[in-house]
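# Breakdown of the fold
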Amino acid sequence: MAHISRRKFLSLGALALPAAMGADAYLLARTQLRVAKFEARPGGTCRFVQFSDLHYNGDSRYASQVVQTINDLDPEFVCFTGDLIEDKIFLPEALSFIRQINAPVYGVPGNHDYWSRAPFADYDRAFAATGGAWLVDRSVVLPQLDLELVGMGYIGIHAFKSCQADRRILLMHYPAMADRLGTNFDLILSGHSHGGQIRLPFYGPLLIPDGVGRYDLGFFETPSGPLYVNAGIGTLSTIPFRWNCRPEITVITL
C-alpha cells in the first residue's frame, strides 16, 4: 500500500480545494434556488414576488423549476427586473416560461434585453398574456391594491410623473440609478448585479458590473426610497459560476 507524506497530503489538499469550489460553483450553486423574504412594510398586506436576470440560455429544466417555485408561492403579482435573455434566439422559449407563471407578471428590460435586439413587441404580448405588462418608461395602476407600478427603461425620466395611487413601486434594472431619480418611491426593485455571483466571506463580491455602485445585494436606504437588489436567477454566459451567492426569488410584503 502506497504511503503519502503529510506535506504532500497538504499540498494536494490545497490544490483540490479550489477545484472543488469551482465544481460546486458551476454544477450546484448556480442552480440552487433560494427563496428570500423581505418585509418592505411590517404588517403589510400586499404580498408579491420579485425575480431578475434570468439570462435564459436553453436550460429548460432550471427555468421550469423557477416557474414552479414562483407558482407554489402563490403571489398576488410578480415583478421581473430585467435581462430575460442575452441572445434573441432564446426569446420565444424564455417568453413561454413567463406565460406559465400563474400570476400577473410586470417586467422591465435590462441591458442584455436591449443588446440582444429582440423585439419588445414580443415581450409586450407575453407579459400581457399573464395579466401583467411590459413596462418600458410607463406605469400601470393596480386599483384593487391602490398601487402604482412604474417601469423604467434606460433613462425613463418622463415616467416619473406624480403618483397615481396611494403607494408607488419602481421597477428598474440598474440599482445605482437610485441615487439620481429626483423623486421618491415607497419601494424600488432592481437587479443587474447578480449579487456579484462570487462573494468572499468578510469581503463581498469579487466583481460587479457598472451601474451597481454600492448597491450590490439586498436592502438599502437610498435618496429615492428603500431599495431591494435581487441576486438574480441566472449567470452571465461569460461567467457561468456562483459561489456563496445562490440564485434568488424574493417574496416581498408591502
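Just so you know, these numbers come straight off a predicted model, no measurement behind them.

### Side note on the state of the cysteines
Summed over the entire model, instances satisfying the criterion amount to zero disulfides. Cysteine Cys46 is unpaired, with the sulfur of Cys79 as its nearest cysteine sulfur at 8.7 Å.

### Notes on the sheet that holds strand E12 (residues 218-222)
If you walk across this open sheet you meet the six strands as E6-E7-E8-E9-E13-E12, and the pairing is mixed. A strand with exactly one partner marks an edge of an open sheet, and here the two such strands are strand E6 (138-142) and E12. Neighbour-to-neighbour, the strand axes of the sheet open up by a mean angle of 20°, direction not taken into account.

### Thoughts on the nonpolar core
Soluble, globular proteins show a tendency: their nonpolar side chains are buried together. Core analysis: the largest hydrophobic core is formed by 31 residues, its most contacted members being Phe51, Leu84, Tyr123 and Ile249. When contributions to this core are tallied by element, the ones reaching two or more residues are strand E2 (47-51), helix H2 (60-73), strand E3 (78-80), helix H3 (91-99), helix H5 (120-129) and strand E14 (248-253). Counting residues per element, this core draws most heavily on H2, at six residues. The contact partners of Phe51, leaving out residues within four places of it in the chain, are Val66, Ile70, Val78, Cys79, Phe80, Thr81, Ile98, Ile101, Asn230, Ile233 and Ile249. The next biggest cluster of nonpolar side chains, apart from the first, holds 22 residues, and it includes Cys79, Ile169, Ile252 and Leu254.

### Remarks on a nonpolar patch on the surface
On the surface, Leu200, Tyr203, Leu206, Leu207, Ile239 and Phe241 cluster together into a nonpolar patch covering about 570 Å² of accessible area. Structurally, Ile239 is set in the loop between strand E13 (225-229) and E14.

### Topic: the confidence of the model for the protein chain
Summarising the model, the protein chain shows a mean pLDDT of 89, and 87% of its residues fall at 70 or more. In this model, residues 1-28 is a region of pLDDT below 50 whose contacts with residues beyond four sequence positions or in other chains number 14 contacts.

### Here we look at the side chain of Thr222
By secondary structure assignment, the location of Thr222 is in strand E12. A distance of 2.6 Å separates a polar atom in the side chain of Thr222 from the backbone oxygen of Gly225. What Thr222 contacts, discounting residues up to four positions off in sequence, is Ala178, Ile188, Tyr215 and Leu227.

### Quick notes on the environment of Phe80
Its place among the elements puts Phe80 in strand E3. For Phe80, a relative accessible area of 0% gives the class buried. Considering only alpha carbons, one finds Phe80 and Ile98, 18 residues apart in sequence, at a separation of 9.8 Å. Among residues more than four places away in sequence, those in contact with Phe80 are Phe51, Ser52, Asp53, Leu54, Tyr106, Gly107, Val108 and Phe127.

### Some remarks on the packing of aromatic side chains
Applying the stated criterion to the full structure yields 13 aromatic pairs. Ring centres of Phe127 and Trp134 lie 5.0 Å apart, and the angle between their planes is 45°; on these two criteria the pair is classed as tilted. Residues Phe127 and Trp134 agree in their burial class; the two are buried. Among the aromatic residues, those joined into a ring-pair cluster are Tyr114, Phe120, Tyr123, Phe127 and Trp134.

### Section: the layout of surface pockets
Each pocket or cavity is described by its volume, and for the largest pocket that value is around 260 Å³. In terms of lining residues, the largest pocket is bounded by 16 residues, among which Gln197, Leu207, Pro209, Leu236 and Ile239 are the most central. The residue makeup of the lining of the largest pocket, split by class, is eight nonpolar, seven polar and one charged. Space inside the second largest pocket adds up to approximately 200 Å³. Around the second largest pocket, the lining is made up of 14 residues, and of these Arg30, His55, Asn57, Tyr62 and Thr235 lie nearest the centre. Each residue belonging to the lining of the second largest pocket can be placed in one class, and the counts come to six nonpolar, six polar and two charged.

Calculation notes
Each residue is numbered by its place in its chain's sequence as written, counting from 1. Confidence filtering applies because this is a predicted model: local features only for residues at pLDDT of at least 70, side-chain atom pairs given and counted only at 80 or more, and all residues used for totals across whole chains, interfaces and linings. Based on all heavy atoms of the structure, the side-chain values leave hydrogens and waters out of the count. The term disulfide is used for any two cysteine sulfur atoms that are within 2.5 Å. Here, any two strands with at least 2 DSSP bridges between them count as paired. To qualify as a helix, a DSSP run of H or I must reach at least 4 residues; to qualify as a strand, a run of E must reach at least 2; elements of each kind are numbered from the N terminus. Fitted lines through C-alpha atoms serve as axes, helices being fitted only where they are in contact, and the angles separating the N-to-C directions of these axes extend from 0 to 180 degrees. Take the buried residues of types Ala, Val, Leu, Ile, Met, Phe, Trp, Tyr and Cys, join any two whose side-chain atoms come within 4.5 Å, and each joined set is a nonpolar core. To sort residues, take the accessible area from a 1.4 Å probe on protein chains only and compare it with the maximum for the residue type: under 20% means buried, over 50% means exposed, and anything in between is partly exposed. The contact criterion used is simple: two residues touch if any of their non-hydrogen atoms lie within 4.5 Å. The patches reported here contain residues having more than 30% relative accessible area and no salt bridge. Joining distances are 9 Å for like charges and 5 Å for nonpolar side chains (Val, Leu, Ile, Met, Phe, Trp, Tyr). Using the Shrake-Rupley algorithm and a 1.4 Å probe, accessible areas are obtained, with residue cover drawn only from the displayed protein chains. A side-chain nitrogen of Lys or Arg and a carboxyl oxygen of Asp or Glu constitute a salt bridge if their distance falls within 4 Å. The score called pLDDT rates the predictor's confidence residue by residue, from a low of 0 to a high of 100. In protein, a polar contact means a hydrogen-donor-capable atom and an acceptor-capable atom, both N or O and within 3.5 Å, with residues adjacent in sequence counting only if both atoms are side-chain atoms; elsewhere, any N or O pair within 3.5 Å suffices. Here a Phe, Tyr or Trp ring, Trp counted by its six-membered ring, pairs with any other such ring whose centre lies within 6.5 Å, and the pair is stacked when the planes are under 30 degrees apart, edge-to-face when over 60, and tilted otherwise. Think of a 1 Å grid over the protein atoms and nothing else: a 1.4 Å probe that fits but is trapped marks a cavity, an open set flanked by protein within 12 Å on at least five of seven lines marks a pocket, and residues with an atom within 4 Å of a point count as lining. Grid points are joined across faces, edges and corners, and a volume is the space filled by probe spheres set on the points. Three classes are used: nonpolar for Ala, Val, Leu, Ile, Met, Phe, Trp, Tyr, Cys and Pro, charged for Asp, Glu, Lys and Arg, and polar for all others, with Gly counted as polar.

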